[in-house]
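Overview (structure and organization)
Residue-level listing of the chains:
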Amino acid sequence: MELIDRYFRPPVRSFFLFGPRGTGKSTFIHRFFSDALTIDLLDPERARALSAAPERLQELVRAYHASPDIVIDEIQKVPELLTAVHRLMEEDKSRVFVLTGSSARKLKRAGVDLLGGRALLCAMHPFMAAELGQRFKFEEALRYGMLPLVVASESPGEVLRSYAALYLREEVQMEGLVRHIGNFSRFLEAISFSHASILNISNVAQECGVERKTVEGYVEILEDILLSWRLQVFTKRAKRQLAGHPKFYFFDVGVFRSLRPLGPLDRPEEIEGQALEGFIGQHLRAWIDYSDIKRELFFWRTRSGVEIDFVVYGPDGIHAIEVKNSRTIRPADLRGLRSFKEEYPASKALLVYRGTDRLLIGDILCLPCEEFLVNLLPNSALDVYARQGEDTVCQS
């Protein structure tokens, strides 16, 4: 598979680049910083040597004159190097450090703040639909996800099946993040049922037979190793009583499917609905992170159960987005969006669904999923959808 241009644009100063394994961090960095001094901490010998003597990094950098750029791949493997990085930054302001990582857990403990804000925090996500262009196949992407590691494979299903096991072995077990790997494996299966849902820690603990406090720690580990994220409820100037718990998502729909067990009592439409919502969610996260405009992502849910899947809040307004795994739109599908607009009259409402027609129902724009995804570009506003093409106007 040929190299695909990514929407991520590195800053001109030093930065951390976090992202789960297989998102293409190393490929991008080695392509973009081809002349840099590169230190790969996945090399066991290199990691052992620098862990034993972190000051050797200073000797390596001072001896390198081909470029002011220094790439340290998988910095979480030897977090003690951050002290040396800090000294080298102070010593020569022209140096640019690129510090990649697939886990933030050790860095949290060792002190990313040792760099005192001298390095920006950036993220690399799975592919966005628009990055793939003509290569993007909606149904295939919804089944296998958008990890470059998976997209490039001739056997995406097999790669996904081994992906979680790789993380368990190399990021959890080898790093000693949990005491009982069997408990953590059961937890992974149990929490897969919470994807795109309100996270109830007590229920997850009961399902996997592990103490609640332990499960809370496991959820934090999943977030620290970048396999999952939590979405908070939108509460700004709220007039109604709202839900207090966040929603839970795996970072990629293919990874969710690989962890979610299937049984005779499972309803396919429920799993497909979770997959579609998570797929839209992962695109919105990437769109926000790759854009220069500072926006935030939330969901909205009242105590009575009225819910909006996503709320995008930023300087260009409030956008409410509802995701429906259906090919037709019923009046009930619009209830949440209308309730949100009553609460926030200036907001814009968008419904994304599995149908093929672009519709305008009252003041709610309804878009086919594929159209929404392929037109979601960094630094473009969500309002752009309202200005594209012709809408079929329906009665509200």
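Below, the structure is looked at part by part. Owing to the predicted nature of the structure, the values given are computational and were not obtained by experimental measurement.

A full pass over the atoms with the stated rule returns 21 aromatic pairs. Centre to centre, the rings of Phe-184 and Phe-187 are 5.5 Å apart; their planes meet at 45°, and the pair counts as tilted. One end of the pair, Phe-184, and the other, Phe-187, are both in helix H10 (residues 181-191), 3 residues apart, so they sit about a helical turn from each other. Across the pair, exposure class does not vary: Phe-184 and Phe-187 are buried alike. An aromatic cluster is present here, built from Phe-8, Phe-15, Phe-28, Phe-32, Phe-33 and Tyr-290 joined pairwise through their rings. Sitting over the face of the ring of Tyr-144, Arg-143 holds its NZ or CZ atom 5.5 Å from the ring centroid.

Turning our attention to the sheet that holds strand E6 (residues 197-198). Strand order in the open sheet made by the 3 strands is E6-E8-E7, with antiparallel pairing throughout. Two strands lie at the open edges of the sheet, namely E6 and strand E7 (228-231), each paired on one side alone. With 4 bridges joining them, E7 and strand E8 (residues 247-250) adopt antiparallel strand pairing. Note that in E8 the partner of Ser-228 across the bridge is Phe-250. This element, helix H12 (residues 212-224), spans E7 and E8 of the sheet and lies at about 110° to E7.

A few words now on the packing of helix H9 (residues 156-173) against H10. Taken N-terminus to C-terminus, the directions of H9 and H10 make an angle of 130°; their axes are 12 Å apart at the nearest point. Classified by the interaxial angle, the pair formed by H9 and H10 is oblique. As H9 packs across H10, the resulting crossing turns out to be right-handed. When H9 is examined against H10, the residues Leu-168, Val-172 and Gln-173 are found in contact with a partner set consisting of Ile-181, Phe-184, Ser-185 and Leu-188. In terms of residue class, the contact of H9 with H10 is built from 5 nonpolar, 2 polar and no charged.

Once that is clear, we can look at H10. For H10, the complete set of buried residues consists of Phe-184, Phe-187, Leu-188, Ala-190 and Ile-191. With its buried residues spanning 165° around the axis, H10 presents them on a single face. The inward-facing, buried residues of H10 contact H9, helix H11 (201-208), H12, E8 and helix H13 (253-259).

Although it is not a glycine, Glu-74 adopts a positive phi angle of roughly 60°. Positionally, Glu-74 belongs in the loop between strand E3 (69-73) and helix H4 (81-91). Exposure remark for Glu-74: the relative accessible area of 4% places this residue in the buried category. Backbone geometry places Leu-226, a non-glycine residue, at a positive phi of 70°. Along the chain, Leu-226 falls in the loop between H12 and E7. On the basis of relative accessibility, which here comes to 18%, the residue Leu-226 falls in the buried class.

Our next topic: the sheet that holds strand E2 (residues 37-40). With parallel pairing, the 5 strands of this open sheet are ordered in space as E2-E3-E4-E1-E5. Looking along the sheet, the strands with just one partner apiece sit at the ends: E2 and strand E5 (120-123). Direction aside, the axes of adjacent strands within the sheet are offset by 15° on average. Across 4 bridges, the pairing between strand E1 (residues 15-18) and E5 is parallel. In the strand pairing of E5, Phe-18 is matched with Ala-123.

Let us now look at the state of the cysteines. By definition, a disulfide links two cysteine residues through a covalent bond between their sulfur atoms. Under the definition given, this model contains 0 disulfides. Free of any disulfide, Cys-369 has its nearest cysteine sulfur in Cys-366, 12 Å distant. Classification of Cys-369 by relative accessible area gives buried; the value is 3%.

Attention now moves to the pairing of strand E10 (residues 307-314). Within E10, 7 of the 8 residues are buried, leaving the element largely enclosed by the surrounding structure. Taken together, the 5 bridges between strand E9 (residues 296-301) and E10 define a ladder with antiparallel strand orientation. By the bridge assignment, Arg-301 is partnered in E10 with Glu-307. Between the antiparallel neighbours E10 and strand E11 (residues 317-324) lie 2 residues.

Side-chain pairs of opposite charge can arise where the charged atoms are in close proximity. By the definition in use, this model includes 19 salt bridges. Ionic pairing is found between Glu-139 and Arg-354, a salt bridge with its closest N-O pair at 2.9 Å. Of this pair, Glu-139 sits in helix H7 (residues 138-144) while Arg-354 sits in the loop between strand E12 (348-353) and strand E13 (359-361), and the two are 215 residues apart along the sequence. When the shortest N-O distance is used, the salt bridge between Arg-212 and Glu-216 registers 2.2 Å. With a gap of 4 residues between them, Arg-212 and Glu-216 both fall in helix H12, about one helical turn apart. A relative accessible area of 38% means that Arg-212 is categorised as partly exposed.

Glancing now at the nonpolar core. By size, the foremost hydrophobic cluster in this structure holds 106 residues, and its most contacted members are Phe-184, Phe-187 and Phe-372. Among residues more than four places away in sequence, those in contact with Phe-184 are Leu-168, Val-172, Val-178, Tyr-218, Ile-221 and Leu-222. Among the nonpolar cores identified, the runner-up in size contains 26 residues, and Phe-16, Leu-50, Val-61 and Leu-99 belong to it.

Procedures and definitions
- Residues numbered from 1 in each chain as written.
- Predicted model: local features only at pLDDT ≥ 70, side-chain atom pairs only at ≥ 80, totals over all residues.
- Heavy atoms only, no water.
- Phe/Tyr/Trp six-rings, centres within 6.5 Å; stacked < 30°, edge-to-face > 60°.
- Helix = DSSP H or I, 4+ residues; strand = E, 2+ residues; numbered from the N terminus.
- Buried < 20%, exposed > 50% of the residue type's maximum accessible area, 1.4 Å probe, protein only.
- Lys NZ or Arg CZ within 6 Å of the ring centre and 35° of its normal.
- Pairing = 2+ DSSP bridges.
- Contact = heavy atoms within 4.5 Å.
- Axes fitted to C-alpha atoms, helices over the stretch in contact; angles between N-to-C directions.
- Parallel < 35°, antiparallel > 145°, perpendicular 65-115°, else oblique.
- Left-handed = near helix turned anticlockwise from the far one by under 90°.
- Nonpolar A, V, L, I, M, F, W, Y, C, P; charged D, E, K, R; others polar.
- Arc of directions from axis to C-beta.
- Disulfide = S-S within 2.5 Å.
- Salt bridge = Lys/Arg side-chain N within 4 Å of Asp/Glu carboxyl O.
- Core = buried A, V, L, I, M, F, W, Y, C linked by side-chain atoms within 4.5 Å.

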